[in-house]
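One-letter residues, chain by chain:
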Amino acid sequence: MHAHTWDAAHNDILSVWNDLNVGVYLCNQILASNPSAQQAAEAKTIRAYLMYHIIDFFGQVPFREVDQGVDEHPVVWSRSDAFDFAVGELESSISELPDGGPDVEDPTQVSKAFVHALLAKFYMNKAVYKSDNPAGPYNFDASDMNKVIEHCDAVQSYGYDYEENYFDNFNQNSRKEKILTF
């Protein structure tokens with residue numbers, strides 16, 4: 001792996017690809033099963049989180065609805081199309097989620113704070129994901145960087161902050177910076 005001599009058939013690469021895409025499909029199954037508004041928002045958020053990684057690692061996102069047969073080819077979205085879809089899903093579902101914060105009883109619950117953190121990551125990378133050329137050059141728009149700041153400020157408003165001692169982040173009892181633990 002460190003020598004960068006792997007290809008798409010490498011077991012670790014293939015496992016990451018499969019695990020992320022299976023996760024997206026499982027979220028689609030949840031969404032097709034008449035979930036409550038909060039369950040739907042959670043599934044959309046987790047699906048967007050998984051898509052973020054697919055976009056970042058692989059540059060395109062295959063998407064299959066639950067009613068499509070296995071013999072049908074999935075739609076394959078570009079980074080730009082997948083970005084638009086995922087960000088739209090996050091922005092439309094945030095209102096159905098609990099606030100979240102470092103002191104909540106269940107830190108594994110999807111929350112508004114997590115959505116804001118994920119949106120900050122999307123907007124931080126928007127210039128790359130929306131670029132016609134994966135190698136660049138990239139145009140980091142000031143309005144996108146302002147959205148990053150806005151979303152980071154929102155995360156902080158829920159009580160998250162930096163640990164004074166970096167290594168405290170690895171302490172099981174520390175929750176100051178941990179927004180969602182899978």
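These lines cover the structure that appears in this document, whether it is placed above or below. Quantities reported herein were computed from a predicted structural model and do not represent experimental measurements. (Residues numbered from 1 in each chain as written. Predicted model: local features only at pLDDT ≥ 70, side-chain atom pairs only at ≥ 80, totals over all residues. Heavy atoms only, no water.)

**Focus: a nonpolar patch on the surface**
Nonpolar side chains collect at one region of the surface, where Y166, F167 and F170 lie side by side and expose about 420 Å² of accessible area between them. Structurally, F167 can be placed in the segment after α6 (142–157). (Patch = residues over 30% accessible without salt bridge, like charges linked within 9 Å, V, L, I, M, F, W, Y side chains within 5 Å. Areas by Shrake-Rupley, 256 points an atom, 1.4 Å probe, with all protein chains shown as cover. Salt bridge = Lys/Arg side-chain N within 4 Å of Asp/Glu carboxyl O. Helix = DSSP H or I, 4+ residues; strand = E, 2+ residues; numbered from the N terminus.)

**Quick look at the packing of helix α3 (residues 79–93) against helix α4 (residues 112–124)**
Running from amino to carboxyl end, α3 crosses α4 at an angle of 155 degrees, the nearest separation of the two axes being 10 Å. Comparing the axis directions of α3 and α4 gives the class roughly antiparallel. Taken as a pair, α3 and α4 cross one another with a handedness that is left-handed. Residues F83, A86, V87, L90 and E91 of α3 lie in contact with α4, whose contacting residues are V115, L118, L119, F122 and Y123. (Axes fitted to C-alpha atoms, helices over the stretch in contact; angles between N-to-C directions. Parallel < 35°, antiparallel > 145°, perpendicular 65-115°, else oblique. Left-handed = near helix turned anticlockwise from the far one by under 90°. Contact = heavy atoms within 4.5 Å.)

**Quick word on helix α1 (residues 11–31)**
The terminal C-alpha atoms of α1 lie 30 Å apart, and with 21 residues this matches the ideal 30 Å at 1.5 Å per residue to within 8%. Of the residues making up α1, those classed as buried are I13, L20, N21, G23, V24, C27 and N28. One side of α1 carries all its buried residues, which in axial view fall inside an arc of 140 degrees. Opposite the buried face of α1, at more than 90 degrees from it, the exposed residues are N11 and D19. Buried residues along α1 sit in contact with α2 (37–58) and β1 (60–63). (Expected span 1.5 Å × (residues − 1). Buried < 20%, exposed > 50% of the residue type's maximum accessible area, 1.4 Å probe, protein only. Arc of directions from axis to C-beta.)

**A few points about the packing of aromatic side chains**
Per the counting criterion, the structure on display carries 13 aromatic pairs. Arranged with centres 6.1 Å apart and planes meeting at 75 degrees, the rings of Y52 and Y129 form a pair that is edge-to-face. One end of the pair, Y52, is in helix α2; the other, Y129, is in helix α5 (residues 126–129), with 77 residues separating them in the sequence. Taken individually, Y52 and Y129 each receive the classification buried, so the pair is uniform in this respect. The interplanar angle of 75 degrees and the centroid separation of 5.5 Å between the aromatic rings of Y166 and F170 together place this pair among those described as edge-to-face. Judged by relative accessible area, which is 52%, Y166 ranks as exposed. One aromatic cluster in this structure is built from Y52, F83, F122, Y123 and Y129. (Phe/Tyr/Trp six-rings, centres within 6.5 Å; stacked < 30°, edge-to-face > 60°.)

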